[in-house]
Amino acid sequence: MERTTDADRINEIQHSAQPCFQCGICAASCPIFRVAPDFNPRMAVDEVLRTGTVAMTGREWFCAYCLMCEERCPMEVALSEILIDIKNLSANDGKVPPSIIEMMDVIRFTGKVSHASKRTEKKRRELGLPELPKPDVDEVQTIFEMTGALDRLMRFREAEVEPE
Amino acid sequence: MRFALFPGCTISDRLPFIEKSIRMIAPHFNIELIDLPFTCCPEPNSVRSFSDKTWLTMGARNLALAEEAGVNIMTACAGCFESLSMSKHVLDSKPSEKEEVNKVLKKIGKEYKGQVEVRHIQQVLYEDIGIEEIQRNVQYPINYRAVIHPGCHTLRPQKILNLDDAEAPMKLDELVRAIGMESLDYMDKVMCCGAGVRGINREIAFGVLREKMDSMMMVDPEVAVVFCPTCFISFEAGQKVVNRMFDKKYNLPVYYYTEILAAAMGLEGVESILSEHRVKFSALGMLVAKNEPEIENATPH
Ligand code: SF4
Ligand code: SF4
């Protein structure tokens, strides 16, 4: 699958943030900003808008994707979507929090995000729950390969070995 | 009514008693459930942030499975509901994305056509079954003061999910009233529980939970009712972390809606599903406070 180039993606971000008139409702509605004012959703996209590059701070990963900003923006700027775009740009450069890498690895090998522990399996039997049909992990592998997830996992590992 | 149940990883692998409560109430409302080899929905924040193409294609694979089986999907987790609904929205509104995704799906012998619907169990109960029918099934009204937490990913974006009013949701309130509870309004009802950043920064995640629970506790509730397993873990097990981290003394029982519905209906076996809770109901709807066993399956990660 062809990947959108960074320039395309940044253009898209700049275009979709265009209507913003900096009223600050997004920040006022953001639960993360409320407890950690270092993360201001509007400022997190500001740099991309001004400079056309993704800031190195990695603050975009603090977004909880609660969609409050997007729901309340009077100009219908989808900030939460923009933050997803920014995170994709970072991920493409190998800049990803380790917890997300772990999650992607578990999905890659099991199709699910949480291992069913022995205790849960036992619990399911005790509760009389059916054994759920398991997804074919080869299908997940194919999707990972063809949609760029494997590349990104590799790039993260390279970035880890050679920190800047 | 026939659905493919999409319990989601959190329910099936960590909170199976919630899945049990769904399977217990379903036949009483003529809901027939089938199981399909679904993968993770995938998780709507981290996976999509890591690779949105992977997210979209895995979502499309899940949707295609239900399509093939000729049934709609009933999700039990707000995250799965949002993720699958957003995938569907992207695929249905952007033909070029759908074409790209179908090229990948073809390799694994699947195709997304766009015929399947994604529902959350709250919609099935509220819209398809209705408050009156639920009331008719209640044997033992549970008369407690409840705060409800609708959850970000059932509410927003409202124009796509269309489950309830994103700023003033009322439907889960009506559902808890139907089983005899009083639903208390509180300030930060539509606020996030903080789960989305638990893996990134615990201080911030539990700081958000503290803000949320402070707001809940202001109206002096006896229980909290949620319709999402991730929110369930945030409140149920997360409150202990908040207590330690911020010197709080929360002790609020938390229920996934169909658990207390099953209790109010007096269904056999309800004791076994509630035995994982820190504060328990008897089948007669009486709260029996118990000591606090550590809940291995439900520690917030
Ligand atoms: S709410 Fe919308 S218009 Fe206001 S600052 Fe945020 S993005 Fe800009
Ligand atoms: S989606 Fe992210 S940026 Fe927007 S309000 Fe929620 S946490 Fe803040």
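Residues numbered from 1 in each chain as written. Chains lettered and ligands numbered in written order. Predicted model: local features only at pLDDT ≥ 70, side-chain atom pairs only at ≥ 80, totals over all residues. Heavy atoms only, no water.

Moving on, we come to the site of ligand 1. If you check the shell around ligand 1, you find Cys20, Phe21, Gln22, Cys23, Gly24, Ile25, Cys26, Arg42, Cys73, Pro74, Met75 and Val77 of chain A and nothing else. Here the residues of the shell around ligand 1 are counted per class, giving 9 nonpolar, 2 polar and 1 charged. (Near = heavy atom within 4 Å. Nonpolar A, V, L, I, M, F, W, Y, C, P; charged D, E, K, R; others polar.)

Before going further, it helps to spend a moment on the packing of helix H12 (residues 202-217) of chain B against helix H14 (residues 238-246) of chain B. All names here are of chain B. Where H12 meets H14, the axes come as close as 9 Å, and the angle between the chain directions of the two elements is 100°. Considered as vectors, H12 and H14 are oriented roughly perpendicular to each other. Contact residues: H12 offers Arg202, Glu203, Phe206, Gly207, Leu209, Arg210 and Met213, while H14 offers Gly238, Gln239, Val241, Val242, Met245 and Phe246. Counted by class, the contact of H12 with H14 contains 7 nonpolar, 3 polar and 3 charged residues. (Axes fitted to C-alpha atoms, helices over the stretch in contact; angles between N-to-C directions. Helix = DSSP H or I, 4+ residues; strand = E, 2+ residues; numbered from the N terminus. Parallel < 35°, antiparallel > 145°, perpendicular 65-115°, else oblique. Contact = heavy atoms within 4.5 Å.)

Under the definition given, this model contains 28 salt bridges over all chains. Taking the shortest distance from any N to any O, the salt bridge between Glu81 of chain A and Arg48 of chain B comes out at 2.8 Å. Within this pair, whereas Glu81 of chain A is found in helix H6 (residues 79-92), its partner Arg48 of chain B is found in helix H3 (residues 46-50), the two belonging to separate chains. The buried category is assigned to Arg48 of chain B, whose relative accessible area is 6%. (Salt bridge = Lys/Arg side-chain N within 4 Å of Asp/Glu carboxyl O. Buried < 20%, exposed > 50% of the residue type's maximum accessible area, 1.4 Å probe, protein only.)

Sheet topology places strand E1 (residues 2-6) of chain B next to strand E3 (residues 72-75) of chain B; 4 bridges connect them, and they run parallel. Paired with Phe6 of chain B across the bridge in E3 of chain B is Thr75 of chain B. (Pairing = 2+ DSSP bridges.)

A low pLDDT means the predicted coordinates there should not be read in detail. Per-residue pLDDT for chain A has a mean of 89; in total, 94% of the residues score no lower than 70. Here helix H4 (residues 41-51) of chain A stands out as the least confident element of chain A, with mean pLDDT 82; helix H9 (residues 137-146) of chain A is the most confident, with 98. (pLDDT = per-residue confidence, 0-100.)

Here we take up the site of ligand 2. Ligand 2 sits among 14 residues. The nearest are Cys30, Cys63, Cys66, Leu67 and Cys69 of chain A. Tallied by class, residues from the shell around ligand 2 come to 13 nonpolar, 1 polar and no charged.

Further remarks concern the domain arrangement of chain A. Per the domain assignment, the segments of chain A are domain 1 (6-92) and domain 2 (98-159). Here domain 1 of chain A and domain 2 of chain A have C-alpha centroids that lie 29 Å from each other. (Domains from an automatic or database assignment.)

With that settled, consider the interface of chain B and chain A. Counting residues at the interface gives 69 residues for chain B and 65 residues for chain A. Of the roughly 5800 Å² buried where chain B meets chain A, counting both sides, 64% is carbon and sulfur surface. Considering only the side of chain B, the residues that lose the most area to chain A are Asp13, Phe50 and Lys53 of chain B, jointly responsible for 13% of the buried surface there. Where chain B packs against chain A, one counts 9 salt bridges. The partner of Lys112 of chain A in a salt bridge is Asp13 of chain B, and the shortest N-O contact between them spans 3.7 Å. For the pair chain B and chain A, the number of links is 27 residue pairs in polar contact (both at pLDDT 80 or more). Considering every element that reaches the side of chain B that touches chain A, the biggest residue donor is helix H4 (residues 52-69) of chain B, with 6 residues. (Buried area = accessible area lost by both parts, 1.4 Å probe. Polar contact = N/O pair within 3.5 Å; in protein donor to acceptor, adjacent residues only side chain to side chain.)

On to helix H6 (residues 95-107) of chain B, then. Between its terminal C-alpha atoms H6 of chain B stretches 19 Å, which fits the 18 Å expected from 13 residues at 1.5 Å a residue. Among the residues of H6 of chain B, those classed as buried are Val101, Asn102, Val104 and Leu105 of chain B. The buried residues of H6 of chain B occupy one face: seen down the axis, they fall within an arc of 160°. In H6 of chain B, those exposed residues whose orientation departs by more than 90 degrees from the buried face are Pro95, Ser96, Glu99, Lys106 and Lys107 of chain B. Considering only its buried residues, H6 of chain B is in contact with H9 of chain A together with H4 and helix H5 (78-93) of chain B. (Expected span 1.5 Å × (residues − 1). Arc of directions from axis to C-beta.)

This part takes up the domain arrangement of chain B. All names here are of chain B. Per the domain assignment, the segments making up chain B are domain 1 (2-121) and domain 2 (130-296). Once you take the C-alpha centre of each, domain 1 and domain 2 turn out to be 24 Å apart. Taken together, the contact between domain 1 and domain 2 spans 26 residues of the former and 30 residues of the latter. Of all residues in domain 1, Phe17, Met24 and Phe29 bury the most surface against domain 2, accounting for 25% of the area lost on that side. At the junction of domain 1 and domain 2, the tally comes to 0 salt bridges.

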